[in-house]
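Inside the fold
For reference, the chains in residue letters:
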Amino acid sequence: MSEREIDEHLAGLPHWTRDGDTITRLVTPIRYHAGVALIVHVADLSRLTHHHADINLSFDGVRFTLTTHDAGGVLTDADFLLAERIDQVVTGHSAAWDIAALN
């Protein structure tokens, strides 16, 4: 993937930054158990797409790091597609719930 292609993909992913041959996103603020739920959802998505994120849960949130290990640890279209899907999952997990409205 060319530098121009990487830049174009990143332009459409405002929460992601490039670090060498990886892209990364930190999801914050997030409570511990919400972070675990988010990780499980993304792990299942990764299993279904056969492309896996490196995931780190820490005090400051959940960090996702993507690169294509099968291609020698470089960025490919698969990384940007998974980043888009992770963004969709994050949006769903960030939804505010009004418990009173559910009763």
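This one's a predicted model, so the numbers in the text were calculated from it and none came from an experiment. (Residues numbered from 1 in each chain as written. Predicted model: local features only at pLDDT ≥ 70, side-chain atom pairs only at ≥ 80, totals over all residues. Heavy atoms only, no water.)

Before going further, it helps to examine the overall build of the protein chain. For the protein chain, the helix and strand inventory stands at four helices and four strands. Going residue by residue from the N terminus, the α and β elements of the protein chain occur as α-β-β-α-β-β-α-α. Considered along the principal axes of its C-alpha atoms, the protein chain spans approximately 50 × 25 × 25 Å. Within the protein chain, buried positions represent 31% of all 103 residues. Restricting to contacts in the protein chain with at least 6 residues of sequence separation, those with at least 24 account for 61%. (Helix = DSSP H or I, 4+ residues; strand = E, 2+ residues; numbered from the N terminus. Buried < 20%, exposed > 50% of the residue type's maximum accessible area, 1.4 Å probe, protein only. Contact = heavy atoms within 4.5 Å.)

Mapped onto the elements, Asp87 comes out in helix H3 (residues 77-93). Leave out the neighbours within four places in its chain, and Asp87 touches Leu13, Trp16 and Arg25.

Glancing now at a nonpolar patch on the surface. On the surface, a nonpolar cluster with roughly 300 Å² of combined accessible area is contributed by Tyr32, Val36 and Val40. Residue placement: Tyr32 occurs in helix H2 (residues 32-49). (Patch = residues over 30% accessible without salt bridge, like charges linked within 9 Å, V, L, I, M, F, W, Y side chains within 5 Å. Areas by Shrake-Rupley, 256 points an atom, 1.4 Å probe, with all protein chains shown as cover. Salt bridge = Lys/Arg side-chain N within 4 Å of Asp/Glu carboxyl O.)

If you check H2, its first and last C-alpha atoms are 26 Å apart, about what 18 residues at 1.5 Å a residue would give, namely 26 Å. Those residues of H2 that sit buried are Gly35, Leu38, Ile39, Val42, Leu45 and Ser46. One side of H2 carries all its buried residues, which in axial view fall inside an arc of 125 degrees. In H2, the exposed residues that point more than 90 degrees away from the buried face are His33, Val40 and Leu48. Of the surrounding elements, those touching the buried residues of H2 are strand S2 (22-27), strand S3 (54-58), strand S4 (61-66) and H3. Backbone geometry just after H2 places His50 at a positive phi near 60 degrees. (Expected span 1.5 Å × (residues − 1). Arc of directions from axis to C-beta.)

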